[in-house]
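If you want the building blocks of each chain, they are given just below.
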Amino acid sequence: MIRIKQIHKSYVTGQNSLHVLKGIDLDIAAGEMVSIMGASGSGKSTLLNILGILDDYDSGEYHLNGLLVNRLSERKAAQLRNRMVGFVFQSFNLVSFKNAMENVALPLYYQNVPRKKRNLIAMEYLERMGLAEWAHHLPNELSGGQKQRVAIARALIGNPKVILADEPTGALDSKTSLEVMDLLQEINATGITLIIVTHEHDIALRTKKTIRITDGNITEIIMNN
Amino acid sequence: MFEIDKWQEIYSTVQKNKLRTFLTGFSVAWGIFMLIVLLGSGAGLENGVKEQFKGGATNGVWISSGKTSIQYKGLKIGRPIRFTNEDYKAIKTTVSGPDHISARLFLGNNLVSYKNEYGSFFLSPCHPDYGFIKELEMLQGRFLNNIDISEFRKVAVIGEKVKSSLFKGHDTVAMGKYVKINGVLFKVVGVFRDFSRNDDEQKRIYIPISTAQRVFQGENVINQISFTTGDATAADADLMIKKSRALLSQMHTFDFDDNRAVNIWNKNEEVRKFRSLFAGIRLFIWIIGIGTIVAGIVGVSNIMMIVVKERTKEIGIRKSLGATPWSIVSLIMQEAIIITSIAGYIGLVLGVGILELVAKKMPPTQFFKNPGADFSIAVMATILLVAAGAVAGFFPAMRAAGVKPVEALRDE
Ligand SMILES: Nc1ncnc2c1ncn2[C@@H]1O[C@H](COP(=O)(O)OP(=O)(O)OP(=O)(O)O)[C@@H](O)[C@H]1O
Ligand SMILES: [Mg+2]
């Protein structure tokens, strides 16, 4: 599903150039559930953003589902994201003026699904998340766990091949974190590839494979049983 | 289907961001509103003052006698000048140029009756030419003629208001009837309408000046001489006035420059003065109007830039969910265009509404009447503001749509 070879990425700010990813090689098969761990600033989010085509890389090769992703036009990238990738962020990233249902339905808007139909589908997903009665609430009326479940529903609705989650439980208490992890595991069980960036060991332990990044390099790949 | 969906998406964003919508729309609505009120007031002012010049030819000159105010040839100041028929004849025969000329006598309000109906009306003895000078419209019959003058006929031409107040009930026909003016019977030979908006002008009675002098005065005194200058240029008209003044100053022994001895009112000159005044006012209104529009453009541009900045995060989210740059740009642009169009329309309606209200509720005064804005200008201004909003939104929207999603998402 995901194949990257010798990915390099530097951030250039003014005169300084910060070499963040220093030749990453990684293969993730379809249906895998993988966690990425590493110290703060080691480049985890940078890697995940490249995988989600939210950012470019400087050199190397990235194949997503067999397709070479390199310097795509924004339009192409947008279409690929829409069809292939779902995102779950630490800070939820819900559109503040849209209610839960509309937030969930948004990816379908960009697939030209008619409004009635996409709201109907969004309701189904919210039901699956146990949030049916919150459908018409705005994000700021929801708890952190509820918001994250809305975000997960939104990531799922477009039928993505891969879900990328950057510290999905980072803003949640431990009980809610476990609930969210249960959800993610269920999702993985349906065959969707899942990549989770996390700082927490017990979260990482619930994935099949943990990739450790140290200072821009993959230093360790641990199989969890 | 997709298009309807887009409108719905825009509608829901607009509806849920009321303050932003209001701020964007307000500067446009305000600009258009101010422009219309401004243009309308200007037009009202101009219409009002133009009314003042209605009734009476625009090339008319009125010369009235007064009192001397400058010592001349040992004669004392304050000496009243009294025009007579001789002055009228002298100007008529020696000053070339005027196409109509008339003398007038001021007899003030007089009691006039027909059968049991009474009224007090302004009696205005004159020559037949005065009908032209005053540009009277004859509703019935005729104005005075030369035979009336030479035969001292007791005939009267009455205003429509005179007719309506004296001739009522069964006796609605005035023509050929005899009205009693100050105890003397005059035969009604015509009914006129004066174009002046002044009601008093419709309550006049014109009679032959010769008859009036004989019946009511017993002298050959006149109070005013008036003429029209035909097709003469302003300079030629001034020359006619100058010649008349010279003639009168010689006949009555007063200083040529004594503006109080004779009072000359040159309507053409007044009209010209007002024309240039209004050209100035119009220019002024345009400058302010353009300023208002520019302020509106700047306002819309600023708000659009702020709006795009404020929506960076949302744009990042949309992009992460698969929004193409074009869909982002068109969303922002269409939103801007819709808001500014509706706001412009509201400003248009409010502005026109205010003007209509003023026109209806406020009685037309001497200086203000029928305010009305040029609608096409207002529509043009609205289109201009909408375009400005679109352009102002376009560049920041393009920039926002072009940034990498990571960067947009990082925005707080
Ligand atoms: N847009 C940017 N411009 C410049 N430097 C950046 C930018 N984004 C990230 N960095 C730097 O790159 C390095 C890696 O950042 P990244 O966000 O990938 O770390 P991370 O592993 O996700 O850390 P954390 O666990 O704190 O989220 C950090 O030193 C960060 O300061
Ligand atoms: Mg990170």
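Residues numbered from 1 in each chain as written. Chains lettered and ligands numbered in written order. Predicted model: local features only at pLDDT ≥ 70, side-chain atom pairs only at ≥ 80, totals over all residues. Heavy atoms only, no water.

The next thing to look at is the sheet that holds strand S9 (residues 209–214) of chain A. All names here are of chain A. With respect to topology, six strands assemble into an open sheet ordered S6-S7-S8-S3-S9-S10, the strand pairing being mixed. Bordering the open sheet on either side are strand S6 (85–89) and strand S10 (217–223), each of which pairs with just one other strand. Between one strand and the next, the sheet's axes are offset by a mean angle of 20 degrees, whatever the strand orientation. Across the sheet, helix H2 (residues 74–84) lies against S6 and strand S7 (162–166), angled at about 80 degrees from S6, the strand it touches most. (Pairing = 2+ DSSP bridges. Helix = DSSP H or I, 4+ residues; strand = E, 2+ residues; numbered from the N terminus. Axes fitted to C-alpha atoms, helices over the stretch in contact; angles between N-to-C directions. Contact = heavy atoms within 4.5 Å.)

Turning our eyes to something else, we now look at the site of ligand 1. Residue and element names in this part refer to chain A. The full set close to ligand 1 counts 15 residues, and Ser40, Gly41, Lys44, Ser45 and Thr46 are the nearest of them. In the environment of ligand 1, an oxygen atom lies 2.8 Å from a nitrogen or oxygen atom belonging to the backbone of Gly41. Note that an oxygen atom of ligand 1 is positioned 2.7 Å from one of the side-chain N or O atoms of Ser45. Protein burial of ligand 1: of its 630 Å² of free accessible surface, 68% is covered by the chains. (Near = heavy atom within 4 Å. Polar contact = N/O pair within 3.5 Å; in protein donor to acceptor, adjacent residues only side chain to side chain. Areas by Shrake-Rupley, 256 points an atom, 1.4 Å probe, with all protein chains shown as cover.)

Our focus in this paragraph is the domain arrangement of chain B. How large an interface is tends to be reported as the accessible area lost when its parts come together. When cut into domains, chain B gives domain 1 (4–52 + 272–409) and domain 2 (106–222). Taken over C-alpha atoms, the centre of domain 1 of chain B sits 58 Å from the centre of domain 2 of chain B. (Domains from an automatic or database assignment.)

Moving on: the nonpolar core. Counting residues in hydrophobic clusters, the biggest one holds 71 residues, and the most contacted among them are A:Ile2, A:Leu51, A:Tyr62, A:Leu64 and A:Ile195. If we ignore the near neighbours within four places in the chain, the residues touching A:Leu64 are A:Met1, A:Ile2, A:Ile53, A:Val69, A:Leu80, A:Met84, A:Val85 and A:Val162. The next biggest cluster of nonpolar side chains, apart from the first, holds 43 residues, and it includes B:Ile63, B:Ala156, B:Met240 and B:Ala261. (Core = buried A, V, L, I, M, F, W, Y, C linked by side-chain atoms within 4.5 Å. Buried < 20%, exposed > 50% of the residue type's maximum accessible area, 1.4 Å probe, protein only.)

Once that is clear, we can look at the environment of B:Asn47. With respect to the helices and strands, B:Asn47 occurs in helix H2 (residues 18–52). Along the backbone, B:Asn47 and B:Pro371 are 324 residues apart, and their C-alpha atoms lie at a distance of 7.6 Å.

Residues B:Leu19, B:Phe22, B:Leu23, B:Phe26 and B:Trp30 make up a contiguous nonpolar surface patch of about 550 Å² in total accessible area. On the basis of relative accessible area, B:Leu23 is assigned to the partly exposed category, the value being 41%. (Patch = residues over 30% accessible without salt bridge, like charges linked within 9 Å, V, L, I, M, F, W, Y side chains within 5 Å. Salt bridge = Lys/Arg side-chain N within 4 Å of Asp/Glu carboxyl O.)

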